[in-house]
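Each chain is listed here by its residues.
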Amino acid sequence: MSTHHGGSLAGQTTELLQALIRNRCVNDGSPDSGHEIRTVRTLQSFFEGSGVEGVVVEPHPERASLIVRIEGTDPTAPSLALVGHTDVVPVEPAGWEHDPFAADVTDGVLWGRGAIDMLNLTASYAVVTRAIAQGTAGPGSFRPRGDLIFAAVADEENGSSLGVDWLTRNRLDLIDADYVLTESGGAPAGSAPGISVMIGEKGAAGRTLRVTGTPGHGSAPWGAHNAAVIAAEAVRRISLFRAPTVITPQWRRYVEALELDQRTQADLVDADRFYDGLPGVGALAGFAHASAHTTISPNMVHAGEKSNVIPGEASVVLDIRILPDVSAADVEGYLREALGDLMENISIEGDQLGESTVSPTDTPLFDVLRGAVKRAYPDGDLLPMMGVGGTDGRFYRRRGVPAYGFGVLSERWNYGMFRQLFHGHNERIDLESIDLTVTALDYVVREFLGRQP
Ligand SMILES: [Zn+2]
């Protein structure tokens, strides 16, 4: 496989992916981080001379997105958008075996922050889009019937308010499409592999607990009403709380694909025995649990200003991810049940609720995705899954646009490893997977946009 010299689609993707990783578009959640303008500039020069220019939006200084559109020949044919984020999450360099922003290739593996989430896909989308624009790759020239949109978007790692959320509210004309591909699919499961395709994702309903105690002198803590102590107990109770177990159809199908021992498999699709089955899936336990439950994770805890003052106030920020059909009242009910008598000292702040989203699978695009998987894995098939995190797909699904998280990874992957590397140390991708994914995407775009109605 040619990898370094730009000729093949895989070679171009590898080279572009390295550039995107080296741009260090690290989104730490603050508006002045990210600097996605760097990758917009890289992509602008990547597309130079290909006949497409693209539009840049910049809702906040340096938080830029680039949107490229190749017009189809038939305005009634369905359009397809490839939506790739350009930002990455921060790293803890001490945990890495390679410089996270050097994008080294060692033994057929490319290392770096964003290698799998999701600069590999963003680079693939760009390469496929440029190849279509140039009309040179593949046998013969090709003009799509429907529009092809490539959106390289900012701020996905912090809720997309400077990315797809902003674009949806302000420039929907740029990013709208009839169908969407985005992260995060492609991991094989089982022997005739099921290749994960994300057809939906859980919703989010974050809340903050405001804890009230009584301030006092830190030299005499006996009997004090310390807000930090109350917050600690609240965190403990929330960590022990069990929301109802719900077996979704996607979860049932995924468990079957894992080829577990019979007992574990039976437990994991039985709401009454679910927790008995969890140890049987090893590193996937967290994902398994989150697939069948609304989860509440206390992720930020603050109390106290000074070492000799007993704090009178504390706050606990909760990351709450909801299953389908969970309401704001359900969330409130879970918290009250978990906290019990602590509620005397706690108020719950926030009422936002982003519902979970799911796309149908009986669509023409889904059939083309299946065809792409069969080309890579003749015995394989698509394995529809619900993501437990969030992606930009939700902004489309909420408007009724089918959005799938799609890719094709090599046999060296499994879903546990895939999940572990998302936001983890030593994020990396093998060059074979880069090749499989860009080859599949090139096929999908040509097949879907070229087909006769
Ligand atoms: Zn991502």
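K.L.:
Explain the overall build of the protein chain here, please?
P.N.:
A tally of regular secondary structure across the protein chain gives 15 helices and 20 strands. Its C-alpha atoms give the protein chain a radius of gyration of 23 Å, near enough to 22 Å, the size a compact globule of 453 residues would have. Across its three principal directions, the C-alpha atoms of the protein chain cover 80 × 55 × 45 Å. Buried residues in the protein chain amount to 54% of all 453 residues. Pairs at least 24 residues apart make up 78% of the contacts formed inside the protein chain by residues separated by at least 6 positions. Of the accessible surface of the protein chain, which amounts to about 19,300 Å², a share of 48% is contributed by carbon and sulfur atoms. Positive and negative charge centroids in the protein chain, built from 37 and 59 side chains respectively, lie 1 Å apart.

K.L.:
Please explain the coordination of the zinc ion as it appears in this structure.
P.N.:
Octahedral six-donor coordination of a metal ideally yields angles of 90 or 180 degrees, compared with 109.5 degrees for tetrahedral four-donor coordination. With distances of 1.8 to 2.5 Å, the protein atoms coordinating the zinc ion are His85 (NE2), Asp117 (OD), Glu183 (OE) and Glu183 (OE). Of note is the zinc ion, whose 4 donor atoms meet at the metal with angles of 55 to 153° in an arrangement that counts as irregular. Considered as a linear motif, the donors of the zinc ion on their single chain read H-x31-D-x65-E. With aspartate 117 in the loop between strand S5 (109–111) and helix H3 (119–134) and glutamate 183 in the loop between strand S7 (179–182) and strand S8 (188–189), this residue pair connects regions lying 66 residues apart in the sequence.

K.L.:
Explain the pattern of salt bridges here, please?
P.N.:
Once the charged atoms of two side chains with opposite charge are near each other, the side chains can pair. Counted under the stated rule, the structure contains 22 salt bridges. The partner of arginine 210 in a salt bridge is glutamate 349, with the nearest N and O atoms 2.9 Å apart. In this pair, arginine 210 is assigned in strand S11 (residues 207–212) and glutamate 349 in strand S16 (residues 346–349), connecting sequence segments 139 residues apart. On the basis of relative accessibility, which here comes to 37%, the residue arginine 210 falls in the partly exposed class. For glutamate 349, a relative accessible area of 38% translates into the label partly exposed. With a shortest N-O distance of 3.0 Å, aspartate 442 and arginine 446 are connected by a salt bridge. Residue aspartate 442 and its partner arginine 446 are located together in helix H15 (residues 431–450), separated by 4 residues, close to a single helical turn. Assigned by exposure class, aspartate 442 and arginine 446 land together as buried. One continuous salt-bridge network, built from bridges that share partners, spans Glu233, Arg236, Arg237 and Asp341.

K.L.:
What is the right way to read the packing of aromatic side chains from this model?
P.N.:
We describe a pair of aromatic rings using the distance from one ring centre to the other and the angle between the two ring planes. One pass over the structure, following the stated rule, counts 15 aromatic pairs. Taking 4.8 Å as the distance between ring centres and 65° as the angle between the ring planes, the aromatic pair formed by phenylalanine 287 and tyrosine 415 counts as edge-to-face. A residue pair is termed long-range when its members are at least 10 positions apart, and phenylalanine 287 in helix H10 (residues 285–291) and tyrosine 415 in helix H14 (residues 415–421) qualify at 128 residues. The exposure class assigned to tyrosine 415 is buried, which follows from its relative accessible area of 5%. With 4.8 Å between their ring centres and 65° between their planes, phenylalanine 418 and phenylalanine 422 make a pair best called edge-to-face. Of the residues examined, phenylalanine 418 reaches a relative accessible area of 3% and is grouped as buried. Among the aromatic side chains, those forming a connected cluster through ring pairs are Trp251, Tyr254, Phe274, Tyr275, Phe287, Trp413, Tyr415, Phe418 and Phe422. Its end group placed over the ring of phenylalanine 46, arginine 130 keeps NZ or CZ at 3.7 Å from the ring centre. Looking at arginine 242, its charged tip hangs above the ring of tyrosine 275, at a distance of 3.7 Å from the centre.

K.L.:
Sorry if this is basic, but what is going on with the side chain of serine 160 here?
P.N.:
Along the chain, serine 160 falls in the loop between strand S6 (148–153) and helix H4 (164–170). For serine 160, a relative accessible area of 1% puts it in the buried group. Side chain to side chain, serine 160 and aspartate 392 meet in a polar contact 2.6 Å long.

K.L.:
Mind showing me how you'd approach the sheet that holds strand S4 (residues 105–106) here?
P.N.:
Hydrogen bonds along the backbone pair up the strands of a sheet, which may run parallel or antiparallel. Strand order in the open sheet formed by 3 strands is S4-S5-S20, with antiparallel pairing between adjacent strands. Each edge of the open sheet carries a strand with a single partner, namely S4 and strand S20 (428–430). With 2 bridges connecting them, S4 and S5 associate as antiparallel partners. Within the sheet, the bridge partner assigned to threonine 106 lies in S5 and is valine 109. Sheet strands touched by helix H1 (residues 9–22): S4, S5 and S20. Its angle to S5, the strand with the most contacts, is close to 20°.

K.L.:
So what exactly am I meant to see when it comes to the nonpolar core here?
P.N.:
Side chains that are nonpolar tend, in soluble globular proteins, to be buried together. One finds Leu181, Tyr254, Leu369 and Phe406 to be the most contacted residues of the largest nonpolar core, which totals 91 residues. Per element, the largest residue contribution to this core is 10 residues, and it comes from H15. Shared between two domains, this core holds at least three residues of each, these being domain 1 (9–200 + 357–450) and domain 2 (202–349). In this structure phenylalanine 406 touches Leu121, Leu181, Thr182, Gly185, Leu369, Ala372, Val373, Leu382, Ala440, Leu441 and Val444, once residues within four positions along its chain are discounted.

K.L.:
What's the story with the environment of aspartate 173 in this structure? I'm lost.
P.N.:
Within the secondary structure layout, aspartate 173 lies in helix H5 (residues 172–175). Residues aspartate 173 and valine 388, 215 residues apart in the sequence, show an inter-C-alpha distance of 29 Å. Polar contacts involving the side chain of aspartate 173 include one to the side chain of arginine 171, which spans 2.9 Å.

K.L.:
What is the right way to read the domain arrangement of the protein chain from this model?
P.N.:
The domain architecture assigned to the protein chain consists of domain 1 (9–200 + 357–450) and domain 2 (202–349). Connecting domain 1 to domain 2 are 0 salt bridges. At the junction of domain 1 and domain 2, the tally comes to 2 residue pairs in polar contact (both at pLDDT 80 or more). Sorting the residues of the side of domain 1 that touches domain 2 by element identifies strand S18 (381–387) and H14 as the ones contributing at least two each. Considering each element in turn, the side of domain 1 that touches domain 2 owes the most residues, 6 residues, to S18. Of the residues assigned to the side of domain 1 that touches domain 2, the class counts are 11 nonpolar, 6 polar and 1 charged.

Here is what the cut-offs are and how they apply
- Residues numbered from 1 in each chain as written.
- Predicted model: local features only at pLDDT ≥ 70, side-chain atom pairs only at ≥ 80, totals over all residues.
- Heavy atoms only, no water.
- Helix = DSSP H or I, 4+ residues; strand = E, 2+ residues; numbered from the N terminus.
- Rg over C-alpha atoms; globule rule 2.2 N^0.38 Å.
- Buried < 20%, exposed > 50% of the residue type's maximum accessible area, 1.4 Å probe, protein only.
- Contact = heavy atoms within 4.5 Å.
- Areas by Shrake-Rupley, 256 points an atom, 1.4 Å probe, with all protein chains shown as cover.
- Lys, Arg positive; Asp, Glu negative; His and termini not counted.
- Charge placed at Lys NZ, Arg CZ, Asp CG, Glu CD.
- Donors = N, O, S within 2.8 Å, 3.2 Å for Na, K, Ca; no water.
- Tetrahedral: all angles 85-135°; square planar, octahedral: opposite > 155°, others 65-115°.
- Salt bridge = Lys/Arg side-chain N within 4 Å of Asp/Glu carboxyl O.
- Phe/Tyr/Trp six-rings, centres within 6.5 Å; stacked < 30°, edge-to-face > 60°.
- Lys NZ or Arg CZ within 6 Å of the ring centre and 35° of its normal.
- Polar contact = N/O pair within 3.5 Å; in protein donor to acceptor, adjacent residues only side chain to side chain.
- Pairing = 2+ DSSP bridges.
- Axes fitted to C-alpha atoms, helices over the stretch in contact; angles between N-to-C directions.
- Core = buried A, V, L, I, M, F, W, Y, C linked by side-chain atoms within 4.5 Å.
- Domains from an automatic or database assignment.
- Nonpolar A, V, L, I, M, F, W, Y, C, P; charged D, E, K, R; others polar.

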